[in-house]
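Residue strings, one per chain:
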Amino acid sequence: MVNLATWGIAGLATAGVVLRPMKVPEAVWAVAGALALVCFGLLPVRAAADGVEKGVDVYLFLTGMMVLAELARQEGLFDWLAARAASMARGSATRLFDLVYAVGVVVTVFLSNDATAVVLTPAVAAVTRAAKIDRPLPYLFVCAFIANAASFVLPISNPANLVIYASHMPPLLQWLPRFALPSVLSIAATYLVLRWTQREALRQAVSTDVRIPTLSSAGKMTAAGIAATGVALMLASAWSLQLGWPTCIAGLATLGLVSLMARSSPWRFLRAVSWGVIPLVAGLFVLVEALDRSGVIRALSDCLRDQVQRSADLAAAGSGAIVGIASNLINNLPAGLIAGTAVQTADVPPSVSSAILVGVDLGPNLSVTGSLATILWLTALRRDGIQVKAWDFFKLGILVMPPALLLSLGSLLLSGMDLHLR
């Protein structure tokens, strides 16, 4: 009965996060579920605290990225970049689409998919306003889909990568050979399907009469801070260090310098940050901790170990596909936490852990609540007064995600399963 109650509360809380009944924020459902588990005696306070503690690196990472995004928004960096991009498009909607996609790849690879959602989405929204585009969604969809499609090029490209491998993150020089081809196929397939599905909308006019504003010194400092953060993340990844502290320190250091240059209080920036993301993530970590203690993850680990003993290749392909679909049902962060714990407990071959990582990173492109990055993307759109219906996203995701996932998983299986990532 205790386990059934735990599973029920965790399921209801996760459903609340995914469906947002009555438009109640996602964080409320996650935190309410975590508190219910503790208050009903289903999860000891110490265990809940352990669950929260496991997410510290992710909280720090998100804090740094959200601070940088708010600095860029308030200091006009987004508007400046938007005007430059609209000018470079020279009146071509398809050229602007290609520019946004290329920038999305770069931001995701070197700053993470959450940075694409938090930092790039407002910039692209500003681009569409500057270019007087009547139908901005094709460009905004790029931010959502490339955030997941390019999120396993590097270890730093997705915080979910941190939870899959935990303290066993592969060194950069081992990571690249394993995920290079799957990443290229994922990025290319996503681009081709998006470009084809949006072909009608990309015939619209793009204004060439774009005024490029002057970027202030504080805006330039913000741009330098974002670039420095990217360098810090690359170095941390190369040295197999955790990414949270470098990101947070870089974000807060940039905040301090910009506040001094702008002669403004840092609270002006901090109070505008969407801090609800942090309790959302913390609540999800607690829910997964409860599932772990209830024996669910142990059962999944045993099942995974049995499948590997029958056929490692089939286990890799099947687990990658299943986790990819499951990420859309419960969000990829809890799915990644559960799968990562199961992978570490089962001690599976590298091929299986690699396939699971691809499923966790790429599978969420099916639905609007599949990943934390897409939830952050939705939050950024709401701040700009733009609403995207879940059904409209799904109709596009059902075309975009499957080819990219199948090609990526297939290339993993064909590229040689004897490479070790641990």
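As a starting point, this report considers the structure included with it. (Residues numbered from 1 in each chain as written. Predicted model: local features only at pLDDT ≥ 70, side-chain atom pairs only at ≥ 80, totals over all residues. Heavy atoms only, no water.)

Turning next to the pattern of salt bridges. Here the structure, examined in full by the defined rule, presents 12 salt bridges. Ionic pairing is found between E75 and R268, a salt bridge with its closest N-O pair at 3.4 Å. Here the residue E75 occupies a position in the loop between α4 (56–74) and α5 (77–89), and R268 occupies one in helix α13 (residues 267–270), the gap between them amounting to 193 residues. A salt bridge links D392 to K395; its shortest N-O distance comes to 3.6 Å. One end of the pair is D392 and the other is K395, both in helix α20 (residues 390–414) and 3 residues apart, which spans about a single turn. The exposure class assigned to D392 is partly exposed, which follows from its relative accessible area of 35%. Residue K395 is classed as partly exposed on the basis of its relative accessible area, which comes to 42%. (Salt bridge = Lys/Arg side-chain N within 4 Å of Asp/Glu carboxyl O. Helix = DSSP H or I, 4+ residues; strand = E, 2+ residues; numbered from the N terminus. Buried < 20%, exposed > 50% of the residue type's maximum accessible area, 1.4 Å probe, protein only.)

Moving on, we get to the packing of helix α16 (residues 312–330) against helix α18 (residues 350–362). The contact between α16 and α18 brings their axes to 7 Å, and the two run at 20 degrees. Compared by their axis directions, α16 and α18 come out roughly parallel. Regarding α16 and α18, the two cross each other, and that crossing is right-handed. Between α16 and α18, the contacting residues are A312, A315, A316, S319, G320, V323, G324 and S327 on the first element and S351, V352, A355, I356, G359 and V360 on the second. Partitioned by chemical class, the residues of the contact of α16 with α18 number 8 nonpolar, 6 polar and no charged. (Axes fitted to C-alpha atoms, helices over the stretch in contact; angles between N-to-C directions. Parallel < 35°, antiparallel > 145°, perpendicular 65-115°, else oblique. Left-handed = near helix turned anticlockwise from the far one by under 90°. Contact = heavy atoms within 4.5 Å. Nonpolar A, V, L, I, M, F, W, Y, C, P; charged D, E, K, R; others polar.)

Let's shift gears to the packing of aromatic side chains. Applying the stated criterion across every chain yields a total of 12 aromatic pairs. When the centroid spacing of 5.1 Å and the interplanar angle of 70 degrees are considered together, the rings of Y101 and Y191 count as edge-to-face. Residue Y101 is found in helix α6 (residues 93–111), and its partner Y191 is found in helix α10 (residues 172–197); the two are separated by 90 residues along the sequence. In terms of burial, Y101 and Y191 fall into one category: buried. (Phe/Tyr/Trp six-rings, centres within 6.5 Å; stacked < 30°, edge-to-face > 60°.)

We now examine helix α11 (residues 217–238). Here α11 contains 22 residues, and its C-alpha end-to-end distance of 32 Å stays within 8% of the 32 Å for a straight helix at 1.5 Å per residue. Those residues of α11 not exposed but buried are A218, G219, T222, G225, I226, T229, G230, L233, A236 and S237. One side of α11 carries all its buried residues, which in axial view fall inside an arc of 140 degrees. For α11, the exposed residues lying more than 90 degrees away from the buried face are K220 and V231. On its buried side, α11 packs onto α4, α5, α6, α7 (113–130), α10 and α12 (244–262). Of the residues flanking the end of α11, it is S240, one or two places downstream, whose phi is positive at about 60 degrees. (Expected span 1.5 Å × (residues − 1). Arc of directions from axis to C-beta.)

It is worth spelling out the packing of helix α8 (residues 137–149) against helix α19 (residues 372–383) at this point. Two elements in contact, α8 and α19, have axes separated by 9 Å at closest approach and are oriented at 160 degrees. Classed by the angle they form, the pair α8 and α19 counts as roughly antiparallel. Pair α8 / α19 crosses with right-handed handedness. Contacts between α8 and α19 involve L140, F141, C143, A144, A147 and N148 from the former and A373, T374, W377 and L381 from the latter. Taken together, the residues that form the contact of α8 with α19 break down as 8 nonpolar, 2 polar and no charged.

This next bit is on a nonpolar patch on the surface. On the surface, V231, L235, W239 and L241 cluster together to form a nonpolar patch covering roughly 440 Å² of accessible area. Counting through the fold element by element, W239 comes out in the loop between α11 and α12. Exposure remark for W239: the relative accessible area of 59% places this residue in the exposed category. (Patch = residues over 30% accessible without salt bridge, like charges linked within 9 Å, V, L, I, M, F, W, Y side chains within 5 Å. Areas by Shrake-Rupley, 256 points an atom, 1.4 Å probe, with all protein chains shown as cover.)

Attention shifts here to unusual backbone geometry. Look at R90: it is not a glycine, yet its phi comes out positive at around 50 degrees. Here R90 shows up in the loop between α5 and α6. Despite not being glycine, R263 has its phi angle at roughly 50 degrees, a positive value. Among the secondary structure elements, R263 is positioned in the loop between α12 and α13.

In this fold, S157 is placed in the loop between α8 and α9 (159–165). With residues near it in sequence (within four places) discarded, S157 still touches T108, V109, S112, N113, A150, S151 and F152.

Turning our eyes to something else, we now look at the environment of A282. With respect to the helices and strands, the residue A282 is situated in helix α14 (residues 277–293). For A282, the residues in contact, after removing those within four places along its chain, are V52 and Y59.

Its location among the elements puts I156 in the loop between α8 and α9. For I156, a relative accessible area of 2% corresponds to the buried category. The spatial distance from the C-alpha of I156 to the C-alpha of N332 is 16 Å, given a sequence separation of 176 residues. Beyond its immediate sequence surroundings of up to four residues, I156 is in contact with F61, V109, F110, S112, L233, M234, S237 and L243.

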